[in-house]
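Listed below, chain by chain, are the residues.
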Amino acid sequence: YLYLSKGYVGRARLAEELEVGEGTVRGVLKRLSELGFIERARAGVRLSRKGVVAVEDFLSERLVSKLYVEPVKELEGGLAIVAVLSRCRNPGAAVLKIRDAAVRGGAAGAGIAVSEEGVLRLPPGGEDMCVYLKEVCGRLAYLRARRGAAVVMVFGERMGRLVKGLLEVFRSPHYELMIARTAPGSSSIE
């Protein structure tokens, strides 16, 4: 949450967004501070450089090359965390299990598109994402040329729930299979 916030966040806001008690937030922030992952100021807390590096290492292990939040009117809730993956296998029907992981985490839903033959395709049916999500597709046009690149969008109303949903996606064994190091040209993981 702090990584995506890009600034100082107060303890009360963190508790509200993450739907946990302030005492829990206080304890977690104390531990993060002891580890040097956050900086404290009157305005709240933010990630330190060490904290940013730790998050980026975590994302890199999951093949995420870019992560950002954006408003998306085309998706339920109007807000999405977009994770751009440098490469992955087409998850095929397992995309439903990955989506379910996001929903269990609190997101309204999730979508995955994989670049194949110059098109961002939605598994399992292979539809062109741009037919359904024109707004998002325009901003992701550069991915079409990168075979095997993908985008994971976790969407809903509240950023805290989106973060939890994305973390559940990353924990999913189906996501792990999708990003498994494979030979170029590997197909679906159905």
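Everything here concerns the structure above.
A brief look at the structure comes next. (Residues numbered from 1 in each chain as written. Predicted model: local features only at pLDDT ≥ 70, side-chain atom pairs only at ≥ 80, totals over all residues. Heavy atoms only, no water.)

**A few points about the overall build of the protein chain**
Here is step 1 of the chain: When its secondary structure is counted, the protein chain shows nine helices and eight strands.
Here is step 2 of the chain: Here the C-alpha radius of gyration of the protein chain, 17 Å, is about what a compact globule of 190 residues would show, namely 16 Å.
Here is step 3 of the chain: In terms of overall dimensions, the protein chain has a C-alpha envelope of 50 × 35 × 25 Å along the principal axes.
Here is step 4 of the chain: Residues classed as buried in the protein chain amount to 44% of the 190 residues present.
Here is step 5 of the chain: Summarising the internal contacts of the protein chain: among those between residues at least 6 apart in sequence, 61% fall at separations of at least 24.
Here is step 6 of the chain: As presented, the protein chain carries roughly 9800 Å² of accessible surface, and 52% of it is formed by carbon and sulfur atoms. (Helix = DSSP H or I, 4+ residues; strand = E, 2+ residues; numbered from the N terminus. Rg over C-alpha atoms; globule rule 2.2 N^0.38 Å. Buried < 20%, exposed > 50% of the residue type's maximum accessible area, 1.4 Å probe, protein only. Contact = heavy atoms within 4.5 Å. Areas by Shrake-Rupley, 256 points an atom, 1.4 Å probe, with all protein chains shown as cover.)

**A look at the state of the cysteines**
Here is step 1 of the chain: Evaluation of the coordinates by the stated rule reveals one disulfide.
Here is step 2 of the chain: Each sulfur of the disulfide joining C130 and C137 lies 1.5 Å from the other. The pair formed by C130 and C137 is uniform in burial state, with each residue classed as buried.
Here is step 3 of the chain: For C88, which is in no disulfide, the shortest distance to another cysteine sulfur is to C137 and amounts to 16 Å.
Here is step 4 of the chain: For C88, a relative accessible area of 14% translates into the label buried. (Disulfide = S-S within 2.5 Å.)

**Looking at the sheet that holds strand β7 (residues 127-128)**
Here is step 1 of the chain: Strand order across the open sheet formed by six strands is β3-β4-β8-β5-β6-β7, with antiparallel pairing between neighbours. Across the chains shown, the open sheet's two edge strands, defined by having one partner strand only, are β3 (64-71) and β7.
Here is step 2 of the chain: Of the strand pairs in this sheet, β3 and strand β4 (residues 79-85) are connected by seven bridges, and their pairing is antiparallel. Looking at the pairing, E70 lines up with A80 of β4.
Here is step 3 of the chain: The strands touched by helix α5 (residues 95-105) are β5 (109-116) and β8 (150-156); relative to β5, the strand with the most contacts, the crossing angle is about 145 degrees. (Pairing = 2+ DSSP bridges. Axes fitted to C-alpha atoms, helices over the stretch in contact; angles between N-to-C directions.)

**As for the environment of R147**
Here is step 1 of the chain: Structurally, R147 can be placed in the loop between α7 (134-139) and β8.
Here is step 2 of the chain: A relative accessible area of 69% means that R147 is categorised as exposed.

**Examining the packing of α5 against helix α8 (residues 159-171)**
Here is step 1 of the chain: Where α5 contacts α8, the two axes come as close as 7 Å, and the packing angle between them is 140 degrees. If you check the angle between α5 and α8, you find them oblique. Helix-helix and strand crossings are classified by hand; for α5 and α8 the assignment is right-handed. For the pair formed by α5 and α8, the contact residues are I98, A101, A102 and G105 on the first element and R161, K164, G165, E168 and V169 on the second.
Here is step 2 of the chain: For the contact of α5 with α8, the residue count by class is four nonpolar, two polar and three charged. (Parallel < 35°, antiparallel > 145°, perpendicular 65-115°, else oblique. Left-handed = near helix turned anticlockwise from the far one by under 90°. Nonpolar A, V, L, I, M, F, W, Y, C, P; charged D, E, K, R; others polar.)

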